[in-house]
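This is what each chain is made of:
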Protein chains: 2
Amino acid sequence: MSAVRFIPRRFTTVSRSLRFTSSLRGRAGVIRSYAAAAAAEKKNASTPTVKLTAEMYPEIQRDSRFAKLEEEDLAYFRSFLPDHAVVTDDTVGFNIDSMRKYRGQSRLVLKPRSTEDVSKIMKHCGERKLAVVPQGGNTSLVGGSVPVFDEIVISLSAMNTIRSFDDVSGIIVVDAGCILESTDNFLAEHGYIFPLDLGAKGSCHIGGNVATNAGGLRLLRYGSLHGSVLGIEAVTADGTVVNGLGKLRKDNTGYDVKQLFIGSEGTLGVITGVSVLCPKRSSVVNVAFFGLDSYEKVQQAFVRAKSELGEILSAFEFMDKQSQVQVAKYSERQKPLDEQHNFYVLVETSGSDAAHDGEKLQNYLERLMESDLIEDGVVAQDETQIKSIWTWREGIPESLGRAGGVYKYDVSIPLDELYQLVDDTRELLIKAGYEIGTESSNIVDVVGYGHLGDGNLHLNVAIKNYDKKIEHTLEPWVYEWIQKRQGSISAEHGIGFAKKNYLGYSKDPSMIKVMKEIKQLFDPNGILNPYKYI
Amino acid sequence: MSAVRFIPRRFTTVSRSLRFTSSLRGRAGVIRSYAAAAAAEKKNASTPTVKLTAEMYPEIQRDSRFAKLEEEDLAYFRSFLPDHAVVTDDTVGFNIDSMRKYRGQSRLVLKPRSTEDVSKIMKHCGERKLAVVPQGGNTSLVGGSVPVFDEIVISLSAMNTIRSFDDVSGIIVVDAGCILESTDNFLAEHGYIFPLDLGAKGSCHIGGNVATNAGGLRLLRYGSLHGSVLGIEAVTADGTVVNGLGKLRKDNTGYDVKQLFIGSEGTLGVITGVSVLCPKRSSVVNVAFFGLDSYEKVQQAFVRAKSELGEILSAFEFMDKQSQVQVAKYSERQKPLDEQHNFYVLVETSGSDAAHDGEKLQNYLERLMESDLIEDGVVAQDETQIKSIWTWREGIPESLGRAGGVYKYDVSIPLDELYQLVDDTRELLIKAGYEIGTESSNIVDVVGYGHLGDGNLHLNVAIKNYDKKIEHTLEPWVYEWIQKRQGSISAEHGIGFAKKNYLGYSKDPSMIKVMKEIKQLFDPNGILNPYKYI
């Protein structure tokens, strides 16, 4: 068992080669990139580089049932909203998505300050048949939060008040426009944690998180929003305020209608308020990062983490070699591990006792070493190191986007075949005659990473320029591959504009029929977030 | 700190007075009482003691839209079901609820063996407008699972196969008729646990659990079924099989329609299959039981448990003095504590390391003693003692029912006012001129207990005979009391027949309107579980 003797050096102190310096940007530095991208675009508004969605997808036509915006409409909105809440001059940032793939043509952004404002807006739009797009932090990865044609953008950004918090039960009630990170910071002061964390936390709104049923980094520990959201207040297509903002952990009085809004992507109503059950924040957080030589071993390490770390396991993220090469291109940080490995795993534990948690993690890592499952690894020694290690996971999407664009596939597949999709995609592209990663090739790399604990893979094909030919090589091939394994073509990113035509690869016709009936029930004229979802 | 010196004696070894003997019935002994009650009723079928619901509630009339069962219908059902699955002679046990409060008049019980059978039954009933009641283990506490008039009972008892289990992901797929306890025993063999536990586990079906969104004893730890149920297969009113039996932890492809079935109590469709994400079973379980002198101190002990026991806390149940007096009347067991206390708490921890968990629990209890929050307590030393202590909580409903009947209120209220409802109810009855607990009085006692961790109180008024005058003293007074605190009039038991008229006390009119539209959408003729819910 020669490997064992390395453990004290590697795992109880950080490897000497991992020089965490004070100049390193924290996690917040990376996650604000979404907002930065939108801001950059605004500056370049005179020379937009993102093509109109209408031009890119000429087969999609504006729905002639919808009215066109008129001066009378603007006058009505101005009758109850302040001038700065009726934006007609600077709408570019609201028309372009965070992936810079879609560009709408809306001439109007409304910024309601209250649920009553939203109700008035929707009542008017419902009567006039004016189509709308509810928009939170505009961090959708599937073009879900920007207009396709001239839909009015309803930005929830001015509704950002924490309505109440009960520090015995941990139940918080927030406006839809509260930013995830700000809300989590507020909760931290009270010893609680928001049961959701994701890369875009610095920009995304809680209303948007709920509307898209965001998954993120700690679903493994805290479960899905379907379990932790206790209540929703929403405004439907005719301006009705559906008041389901309960603050009870248990309430079996009738159909759980709020569940329909979770993940409905603004197609059933505009979410204006949310109540959420928040867990106690763990006082002790540990992060380990290690390298492995095969996907098979990654799976074994996961199964052991579930039983050996048990109740303190809070994240189990995996990354392939290619993903780390991309992050390293742009990161100023020293890599956590000196050598290159085929796979990397980030394990996080969250618990209440430093000695107990440390012992569990130490035992877990030692056993992995003894079983020759891992090749090398480090454990973060403080909060700065924890944040730094996390950037090697959270920084992947931004790094991949730097070259130009990314074809993103966010899928659920049974664990044993999860990584196979990445290998098969690489092979598919090579067979189709594409070069990968050369100076002249459009394809930068094919990369796989994700939330292994949830069976959720992010397959990313980074490219210099979006190219319909590459898109048609990948789609529907990727979706067919997933359908064969009864997986999900969208694990957490949702459907939006990008995946609308592919729903049938994951959902039974009987289920799609019911969905269409529900849409018809809530929004008979289809004015809520049209051309998307269903 | 004189209290501290008692700890070693009281908490590290079981009090000498707590003589756990091998003759004690385990937990299973109590929980089978539901089935036993039904069996007893069957034997006494010739002299039924439960009045017909139609007689007790003459204001409710049979819906004339529904057809009456004819010989041709029976012939059709017999054409694809075996004889023993078309029950017409011995239907008493299916007509009477577990509370012995309601009695329907169904002349037909069908026991389909497959989803296809259910589909054929519903297609026929839909065309003929024959009303139906889906029935699982018939353990409803609100009269939800028995007919009111002549509805056909669809018993899922013959559909009880575990369809699949994946021991890497912990995802199990079961027929709706699988019994909760049997399924949990199966999972135990594989190191997993069903994320739900409740007193009726020996009889209740998983399909019924999901249809009623059962809460139970470990919701505190594993969350609600809205989070852990991954997929549902159901048959709607026209025989359509809605296939949403996904086996993915994350799947954001369209509206989460299955959520509507969770807690719909058989009014939208007959659930035939369920897939559930099961957590790893904890290898170490500890149970402590202690006495406190005020509800205020119970709350303080809970807040401390959340932070000090943190991730290993799996149950925090509280019981008042009166509840324990009732259990003691019928229990053969020695009481866990010698002296009487005003309140009792049962704390359970579930974790992965015996030494760590024991230390956390010990520290927690010592601190409670130091702060004079608890008066006395014991910690179970083995599995037999754990089961025995649990009977003092789980045995309450059965004990209360022994005298005759129980008016049960299962409510969610903000924690600080939770127990006030019990005191106020007692006062209400006394002011109304009722005696409580005397030889001649009809009211045996007014009792409070429940899942403090979930803000869920069980207020029980045990009586010798059901009496409309008592009922009218209690209702709607109890519901108004709850409405004032924005609580829920049904935290986990559901609506069924008993609470149908009181939905408005917990739900906004805008929400009830949406619910009615959803019911209309799924079941336009209202044949699914009529006269109930909404």
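Asker: Before we go on, may I ask you to explain the relation of the copies chain B and chain A in this structure?
Answerer: These two copies of the chain differ by a rotation about an axis and a displacement along the same axis. Overlaying chain B on chain A yields an RMSD of 0.0 Å, the required transformation being a rotation through 180° with an accompanying axial translation of 0.0 Å. Here the symmetry operator amounts to a two-fold rotation axis. The rotation axis passes nearest to the C-alpha of Gly227(B) in chain B, at a distance of 2.0 Å. Interface overlap between copies: 99% of the residues of chain B at the interface are likewise at the interface in chain A, consistent with a symmetric, same-surface contact.

Asker: Please clarify how the sheet that holds strand S10 (residues 284–292) of chain A should be interpreted in this entry.
Answerer: Note: strands within a sheet are paired through backbone hydrogen bonds, in either parallel or antiparallel orientation. Residue and element names in this part refer to chain A. Here we have seven strands laid out as an open sheet, ordered S13-S10-S12-S11-S15-S16-S14, and antiparallel in their pairing. Looking at strand neighbours, the two that pair on one side only are strand S13 (376–379) and strand S14 (405–412), the edges of this open sheet. Pairs of neighbouring strands in the sheet enclose a mean axial angle of 15°, with direction left out of account. Relative to strand S11 (residues 313–320), helix H13 (residues 295–308) is tilted by about 175°, and along the sheet it contacts S10, S11 and strand S12 (343–351).

Asker: Any chance you could explain the sheet that holds strand S4 (residues 152–155) of chain B here in plain terms?
Answerer: All names here are of chain B. Spatially, the four strands line up as an open sheet ordered S1-S2-S4-S3, and their pairing is mixed. Since the sheet does not close on itself, it has two edges, and those belong to strand S1 (86–87) and strand S3 (132–135), each with one partner. Relative to strand S2 (residues 109–110), S1 is paired through two bridges, and the arrangement is antiparallel. Paired with Val86 across the two strands is Leu110, which belongs to S2. Strands in contact with helix H7 (residues 115–128) are S2, S3 and S4; relative to S4, the strand with the most contacts, it is inclined by about 165°.

Asker: Quick question: what am I supposed to make of the pattern of salt bridges here?
Answerer: Close approach of charged atoms lets side chains of opposite charge pair. On inspection of all chains with the given rule, the structure shows 52 salt bridges over all chains. Arg367(B) is the salt-bridge partner of Glu308(B), the closest N and O atoms lying 3.1 Å from each other. Here Glu308(B), found in helix H13 (residues 295–308), pairs with Arg367(B), found in helix H15 (residues 354–370); they are 59 residues apart in sequence, far enough to count as distant. What makes Arg367(B) partly exposed here is its relative accessible area of 37%. Taken together, the shared-partner salt bridges in this structure form one network comprising Asp197(A), Lys201(A), Arg218(A) and Glu348(A).

Asker: Help me understand the domain arrangement of chain A, please; the structure alone is not making it clear to me.
Answerer: In many analyses, interface size is given as the accessible surface area lost on bringing the parts together. All names here are of chain A. Looking at the assigned domains, one finds that chain A contains domain 1 (4–35 + 282–397), domain 2 (36–155), domain 3 (162–277) and domain 4 (403–498). Taken together, the contacts link 19 residues of domain 1 with 13 residues of domain 3. Summed over both partners, the interface of domain 1 with domain 3 buries about 1,300 Å², with 47% contributed by carbon and sulfur atoms. In this structure, Arg218 engages Glu348 in a salt bridge whose closest nitrogen and oxygen atoms are separated by 2.8 Å. Inspection of the domain 1/domain 3 interface yields four residue pairs in polar contact (both at pLDDT 80 or more).

What counts and what doesn't
Residues numbered from 1 in each chain as written. Chains lettered and ligands numbered in written order. Predicted model: local features only at pLDDT ≥ 70, side-chain atom pairs only at ≥ 80, totals over all residues. Heavy atoms only, no water. Least-squares fit on C-alpha atoms with pLDDT ≥ 70 in both. Contact = heavy atoms within 4.5 Å. Pairing = 2+ DSSP bridges. Helix = DSSP H or I, 4+ residues; strand = E, 2+ residues; numbered from the N terminus. Axes fitted to C-alpha atoms, helices over the stretch in contact; angles between N-to-C directions. Salt bridge = Lys/Arg side-chain N within 4 Å of Asp/Glu carboxyl O. Buried < 20%, exposed > 50% of the residue type's maximum accessible area, 1.4 Å probe, protein only. Domains from an automatic or database assignment. Buried area = accessible area lost by both parts, 1.4 Å probe. Polar contact = N/O pair within 3.5 Å; in protein donor to acceptor, adjacent residues only side chain to side chain.

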